[in-house]
Amino acid sequence: MTDARFTKDHEYVRVSEGVGVVGISDFAQSQLGDIVYVELPAVGAKINKGEQLATVESVKSANEVYAPVSGEVVEVNSDLENAPASVNEDPLGKGWFVKLRLTDESELASLMDASAYEGFIKTL
């Protein structure tokens, strides 16, 4: 499926050279329905694992997105401002939220790989 690591809250992070691309899983976007707005943090924001990272509004509800790992926001997906539906269309691709420079890569060990995550969502 992917080299991403997942949380039980359906966020993912895909890390390369100390920078993690963060977003929500395909399961999460399917549960939310049509996404109409995404509020992202400012570049430079320092976020700790488990803290609110973003807000996603869909036709059904507004939901918080939590950081799967700690880090500093080095880039936000500004395309989501005009095309929030990208999260529905390609959540692990063009629908990413932020890029974080990780402050503690050991936090990745507590996250599920794709296979474990698939097993987890089958229990829901």
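Residue positions are counted from 1 within each chain, in the order its sequence is given. With the structure being a predicted model, the display of local features is reserved for residues of pLDDT at least 70 and the display and counting of side-chain atom pairs for 80 or more, all residues being used for whole-chain, interface and lining totals. Here the side-chain values reflect all heavy atoms present in the structure, with hydrogen atoms and water set aside.

### Describing the overall build of the chain
Per the secondary structure count, the chain includes four helices and nine strands. Throughout, the radius of gyration refers to the C-alpha atoms, and the reference size of a globule is 2.2 Å times the residue count to the power 0.38. By the compact-globule yardstick of 14 Å for 124 residues, the chain fits well, its C-alpha radius of gyration being 13 Å. Judged by the C-alpha coordinates and their principal axes, the chain covers about 35 × 35 × 20 Å. Within the chain, the fraction of its 124 residues that count as buried is 46%. Taking the intrachain contacts of the chain between residues at least 6 apart in sequence as the baseline, contacts between residues at least 24 apart amount to 63%. In this description, accessible areas are obtained by the Shrake-Rupley approach with a 1.4 Å probe, and a residue is regarded as covered only by the protein chains that are shown. Accessible surface, the chain as shown: approximately 6,300 Å² in total, 45% of it carbon and sulfur. Here the chain contributes 10 positive and 21 negative side-chain charges, whose respective centroids are spaced 5 Å apart. Helix numbers and strand numbers start at the N terminus; a helix is a DSSP run of H or I with at least 4 residues, a strand a run of E with at least 2. The rule is simple: take the accessible area with a 1.4 Å probe, protein chains only, and divide by the maximum for that residue type; under 20% is buried, over 50% is exposed, in between is partly exposed. By definition in these notes, contact holds between two residues if any of their heavy atoms fall within 4.5 Å. The sign given to each residue is positive for Lys and Arg and negative for Asp and Glu; His and the chain ends receive no count. A charge is said to be at NZ when it belongs to Lys, at CZ for Arg, at CG for Asp and at CD for Glu.

### As for the pairing of strand β7 (residues 62–66)
Bridge count for strand β6 (residues 52–58) against β7 is five bridges, and the pairing is antiparallel. In the strand pairing of β7, T55 is matched with E64. Being paired, for any two strands, means DSSP has found at least two bridges between them. Linking two consecutive strands that pair antiparallel, namely β6 and β7, is a turn of three residues.

### So, the environment of V98
In this fold, V98 is placed in strand β9 (residues 98–102). Other than its neighbours up to four places away in sequence, V98 contacts G20, V21, V22, L40, P41, L53, V73, E75 and V76.

### Observations concerning the sheet that holds strand β8 (residues 71–76)
In spatial order, the strands read β1-β2-β3-β9-β8-β5; together these six strands make up an open sheet with antiparallel pairing. A strand with exactly one partner marks an edge of an open sheet, and here the two such strands are β1 (5–6) and β5 (46–47). Pairing analysis gives five bridges linking β8 to β9, with the strands arranged antiparallel. Paired with E75 across the two strands is K99, which belongs to β9.

### Remarks on the packing of aromatic side chains
Think of a pair of aromatic rings as described by two things: how far the centres are apart, and how the planes are tilted against each other in angle. Working definition: rings of Phe, Tyr and Trp (its six-membered ring) pair if their centres are within 6.5 Å, and the pair is stacked with planes under 30 degrees apart, edge-to-face with planes over 60 apart, and tilted otherwise. Scanning the entire structure with this criterion turns up three aromatic pairs. Plain terms: the ring middles of Y117 and F120 are 6.4 Å apart, the flat faces sit at 35 degrees to each other, and that makes the pair tilted. Here F120 and Y117 lie together in helix α4 (residues 114–122), a separation of three residues that amounts to about one turn. Its relative accessible area of 17% is what places F120 among the buried residues. An aromatic cluster is defined as three or more aromatic residues linked by ring pairs; in this entry it consists of F6, Y12, Y117 and F120. The criterion for a charge sitting over a ring is simple: Lys NZ or Arg CZ within 6 Å of the ring centre, and within 35 degrees of the ring normal. Cation over ring: K99 sits above W96, and NZ or CZ is 5.1 Å from the ring centre.

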